[in-house]
Structure formats: structure tokens, C-alpha cells
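Remarks on the overall topology
Below, each chain spelled out in residue letters.
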Amino acid sequence: MSVRRKKSKDSKAKQLRKSNSPTDQAMRKSSSDESMAVSSSLNTFIPRTPITSRTPVSSRMAMLEDGDEELELNLLGDDERREARQGLGRDEEEDEEDLADHAKRPISSKDKRAMVLLCVLYLIQGVPLGLALGSVPFLLKDHLSYSQLATFALSSYPYSLKLLWSPIVDSIFSPYIGRRKSWIIPMQLTVGSVMLYISLNVQRLMDNPENHVNELTFVFTSLVLISATQDIAVDGWALTLLSHENLSYASTCQTIGLNTGYFASFTVFLAFNSVEFSEKWGVPHLTLSGYLRFWSVVCYMVTFWLLFFKKEDKEPATEADLSIKGVYKTIWAICKLKHIQSLIIVHFFGKLGFAANEAATSLKMVEKGFKREELAIAVLIDFPFQIIGGYLAASWSRGDRPLRPWIWAFWPRLGFGLMATFIVYYFPKPPISTGFFVFLIIHTVLSSFSSTVQFVGISAFHTRISDPLIGGTYMTLLNTFTNLGGTWPKWFILKGVDAFSVAICKVTEAGTELAVQASECVSEHGQATCREIGGTCVTETDGYYIISAACFIFGIVFLVAYIIPTAKKLQELPPLAWRVKLS
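Residues numbered from 1 in each chain as written. Predicted model: local features only at pLDDT ≥ 70, side-chain atom pairs only at ≥ 80, totals over all residues. Heavy atoms only, no water.

**Some points on the packing of helix α5 (residues 109-140) against helix α9 (residues 213-241)**
Think of two packed helices as two axes; the pair is described by the angle between the axes and how far apart they sit. So the rule is basically this: In this description, a line fitted to the C-alpha atoms serves as the axis of each element, helices being fitted only across the stretch in contact, and the angle between N-to-C directions of two axes falls anywhere from 0 to 180 degrees. Helical segments are the DSSP runs of H or I of at least four residues, strand segments are the runs of E of at least two, and each set is numbered from the N terminus. What sets the label is the angle itself: under 35 degrees gives roughly parallel, over 145 gives roughly antiparallel, 65 to 115 gives roughly perpendicular, and the rest give oblique. Each crossing is labelled by how the near helix is turned from the far one, with a counterclockwise turn of less than a right angle marking it left-handed and a clockwise turn marking it right-handed. The classification used treats Ala, Val, Leu, Ile, Met, Phe, Trp, Tyr, Cys and Pro as nonpolar, Asp, Glu, Lys and Arg as charged, and all other residues, Gly among them, as polar.
Packing of α5 against α9 brings their axes to within 10 Å, and their N-to-C directions diverge by 160 degrees. Between α5 and α9, the crossing angle belongs to the class labelled roughly antiparallel. Considering how the two elements wind past one another, α5 and α9 form a crossing that is left-handed. Of the residues contributing to the contact of α5 with α9, the split by class is 19 nonpolar, 3 polar and 3 charged.

**Notes on the pattern of salt bridges**
What counts here: We define a salt bridge as a contact between a side-chain nitrogen of Lys or Arg and a carboxyl oxygen of Asp or Glu at a distance within 4 Å. Partly exposed residues are those whose accessible area sits between 20% and 50% of the maximum for their type, while under 20% is buried and over 50% is exposed, using a 1.4 Å probe and protein chains only.
A full pass over the atoms with the stated rule returns 8 salt bridges. K162 serves as the salt-bridge partner of D231, at 2.3 Å between the closest nitrogen and oxygen. You can see D231 sitting in helix α9 and its partner K162 sitting in the loop between α6 (146-153) and α7 (166-171), a full 69 residues away along the chain. Across the pair, exposure class does not vary: D231 and K162 are buried alike. One salt bridge in this structure joins E276 and K371, with 2.9 Å as the shortest N-O distance. Of this pair, E276 sits in helix α11 (residues 275-281) while K371 sits in the loop between α15 (355-368) and α16 (372-396), placing them 95 residues apart in sequence. The exposure class of E276 is partly exposed, given its relative accessible area of 45%. Bridged by salt links that share partners, the residues K141, K364, E367 and D542 form one connected network.

**What to know about the state of the cysteines**
Here is the rule: By convention in this document, the label disulfide applies to cysteine sulfur atom pairs within 2.5 Å.
Tallied over the entire structure, the rule returns 1 disulfide. Two residues share a disulfide in this structure: C505 and C530, whose sulfurs sit 1.8 Å from each other. The disulfide joining C505 to C530 has a torsion of about 90 degrees about its S-S bond and is therefore right-handed. Note that C505 is positioned in strand β1 (residues 502-509) and C530 in helix α22 (residues 524-532), a separation of 25 residues in sequence. For the pair formed by C505 and C530, the shared burial category is buried. In this structure C253 is not part of a disulfide, and its nearest cysteine sulfur, from C119, lies 4.0 Å away. Here C253 falls in the buried class, since its relative accessible area comes to 2%.

**Section: the UniProt feature "transmembrane region" (unreviewed entry) in the protein chain**
Short version of the rule: UniProt positions are given in the numbering used here, feature names are shortened, and annotations may be inferred rather than shown by experiment.
In the numbering used here, UniProt assigns the feature "transmembrane region" (unreviewed entry) to residues 114-139, 189-206, 249-272, 292-309, 375-394, 406-427, 436-461 and 544-564. Secondary structure content for residues 292-309 is 100% helix and 0% strand, and the end C-alpha separation is 25 Å. End-to-end, the C-alpha atoms of residues 436-461 are 38 Å apart, and along that stretch the chain is 100% helix and 0% strand.

**Overview of unusual backbone geometry**
Look at the link from P430 to P431: it is a cis peptide, with omega at 0 degrees. By secondary structure assignment, the location of P431 is in the loop between α18 (410-425) and α19 (434-465).

Here's what the structure looks like:
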């Protein structure tokens, strides 16, 4: 069947692709290292006349031309829906030509100012993430057991779960303040206030952290939760701050801002927080209290500027934009697809093979004597290689089999995880040699490269299978499952390290050595308890090696038995197999 389209009107597929629902826009990202997907969004259309599959095709297509803004594309038959999607592809080619023409034009001063604002807003979000996910666990390492660190690790969970409340953030706002500023301003004020609270109480919290684990977890979980909520609003604002031809710069601003904030709070802070580093290089010693106070002031200043000097342009709001229930129904409809359920299983358990390496190896090396500032330097050197790896992985993931490099990268990633276990086991006594430090950097770079290949490969696959009519919701849901796969095992890994460890307190009395069962010998509290009875705390069995071996074996078995055959089947499915029918 051939369908003629009038040149004076766009097809429904194109109109759906160009629809700019803020609900979908705000839900395009679920993690600090994700790129913002500038794709089609979801709108719900209410037809003037009831349309069913029995309605004559000519009538349906006539209604498409005469009232295409009222027609829902999925009410067409399969053939017409397929042909409309083919039209969508043709329209995309036309739009690419238009964007190519726009790309030749210089960036306007308005867009340049918008890009600077976005970088600053994303920078503020990256600071709490770098603290909660990076530097603070290393500062607490000498004082807490792995079980207590597992409790603190819960503070990273909100960023992987923000899809659950993102429709609410998009739908409830004050028209007087602005759709996005209604959330950004209070969230940013709260972030600044929480950081100020921590800075004023950091001496009490960090001097005896074993007595304040729950409070530390609560305040940093709150910090990450608020930052994640702000991120939802900033993601949505990014797509209206920039002009249409410069929307691609939104992900660039996000990458620059988030990564700069994260690395400033992680690698840079750890280095300047080290007394040895400060004395060696003659730089001022940076305390956690001073660092937090500085960023709280920055939050207040930026918020003050937003409130009084930055006006938000009004967005055209429709009934579809404000339908919270509609978005949640769409998410549930996607989850009911059989292929999505198989993909969810892959995402939830696929990263278990190297979960122990990512959750505990760095902490173990610090326990063995690896200095925090040396770890910070290794991570900082690795950063540019991640950028290069992302570019190469993107070229490898093109074509009909984007999961092929993702599958291949499993093997080196598992191998580097196993190698990391042996590095911890044979870690030399400090100070480490330059040769060994170079070896650690090479290992870090190669391990991160395999991780980057997997991230880019699975992102390319998500882009390929996502229904373009609801691209934002679809992509965010898939990215949420991917992030959760790397987040949820962390608590169990750290708990397991303590659970499978066997520690004893050796006490010598009258020439006789007595062995007393101890809870653990990792934290200062555990060692002090043993010293009180005149003994020496010794870890006879380290649960880290047991957990690492169990994760590695499971990773190999699950990769061969389930991931590889399932991934090959999933990438062979046609795009229509991933579509959902909207009501």
C-alpha cells in the first residue's frame, strides 16, 4: 500500500518525533556519567473521532492529514505504522540536512551564555557525587569496618533510582517562578545548606565515625537525593535553554560539568587533603570542612543569581505533558515486553562478575598501604584515556551488531578484575616502587577502557531499540536498569567481605599465646578492642578473596550460559519487536 503525504504538512511520525514533552526531556538521563539523549518524546493524543483497526485506511490517513495533531500513530494498522516509521526516517534525513546548515552558523551569544550556565549547574551536581561516591569512603576507610562502609554505600543509590520520581518533578511547578527553576532553586539551596551543616559538624562526625555511621549515611544520601532531583530539572531546562540547532551541546555541557565537579571532589580533593602531598609540593592543606563551606557559598551565590537575574522562558504545557499517570503507565508497558524482561536480567546480574573489584579493590589497596593521593593521581591519569576509549568504542558499536564489542569487553573486564585480586594479594609493603606504580596505572587504564567499551556499546544498543515515539522514557528506563546493575551489589559485597573474614586477637600471657575470636581487624575500633586486652589483631581469612572468587566464577558461568546467547538473540530482533502499544 502506498501513502501519499502532502508537502505542506508533516507526517504524524515526524510530528511525534519533534514533540518536545518536558516530561520525557527531564527523564533522559539516569546517572552522573550518562549523556543526555536528544531524541523524540512522548505525547498522548486524544482523537476527535474514535478510531479502531476497522476504520477504513483511507479515512484514517485523511484524518492523519487533516488533524494529525489529534491522531495517535499506534492506532494505525501494522502496515501503516511501519510505513509511517519509514516516513520518519526520511524526515530525519531532511532534518539532518537542516541541522548541517545550522551547524555552519556561529553559536549565538545567547547559546554561549546558556552553555556556561548549564556547565555551572552540572558542576554543582558533580561535587556531592564526588564526595559521596569517591573521597569520603576513602577518608572513612581507616575508621570503619567493611560492613559499616556498606551502610554508607547506600548513599549512592538515589542517583540510580531518580526515574521513579522524575515525572513528579516535571509535572508540579510554579508558573510564576518557572517550570525548571521551581525545582532547581530550592534543591540548590538545600544542597548548599546540607553541605554547610556537614562542614560545621565534620569534626564531630569524622573524629569518631564508627559512632555516627547512620548520621553520615543519612546526610550524604540526602545530598545525593537532592542533587539527583536537581539533575532532573536541569536536564529538562537544557533542552529549552539552547536553540534547536545547538541542542547537541547539552550533553557536552553535562559531561564537562559533572565530570569536573566529580573529579574536583574526588581526585583533586584527596590529593590536597593529604598532609604529605601538601608538604611535598608546598601547597595549602585542604580540609573537608573548608572544602564544603566553599561549595555551599557557591551554591548560595548561583541560586541568588538564578532567582533574581535569570528569567526562564515559558514552555507550552499541554495536558499530555502533565500526565504523571500516563508516564508511569508507559514505563509499565515497556517492562511487560518479554525481550525487555530478558534484558533486565542481563543488566541486573551481568556486572556481578567484577562487582567485588569495583566495590572493594581500591579500599583494599589503601588498607595495604597504597596512599590516597597516589590513587587520586592514577584515577586522574586515567581520565583522558576514558575519553579516547569512548570515541573508539562508539565507532566499534555502529552497525547491526552493537552488542558485539559489549560482549567481547566482558572477557578483559573479568580478567582485569581477577588480576586486581592478585594485585591486592601480592601488594608490596610501602613505599611502592615507581615501576609498580606505573604497572597499577596501566592496569587502571586498560580496565577502565574495557568498562568504557561496554558502556558505549550498551548505550548504542539502547538507542537502537528504543521506540522513537517515546524515546526519552524508553532510554531512561533502560539506563536505570543498567545503573542499578552496578549499584545494588555494592552493599552485599562490602557486607560479605566482613561476613567471610576470620579475625583473631593473639594475646601472649606468661609465654603462652592465646587466640581470642575478634569481630574484625580492619577498622581502628576493631584493632583498639584487641589492644585493650594486650593483644595483636590478625586477619586469618580475608573475605575479600572469597567474595572475589565467587563473583568471578558466577560472572564466567552467567556470561557463557545466559548473557552471550541472550545478547545474540536480542540484537537480531527487528526494531518493531521492541515497540509498545500506547493507549
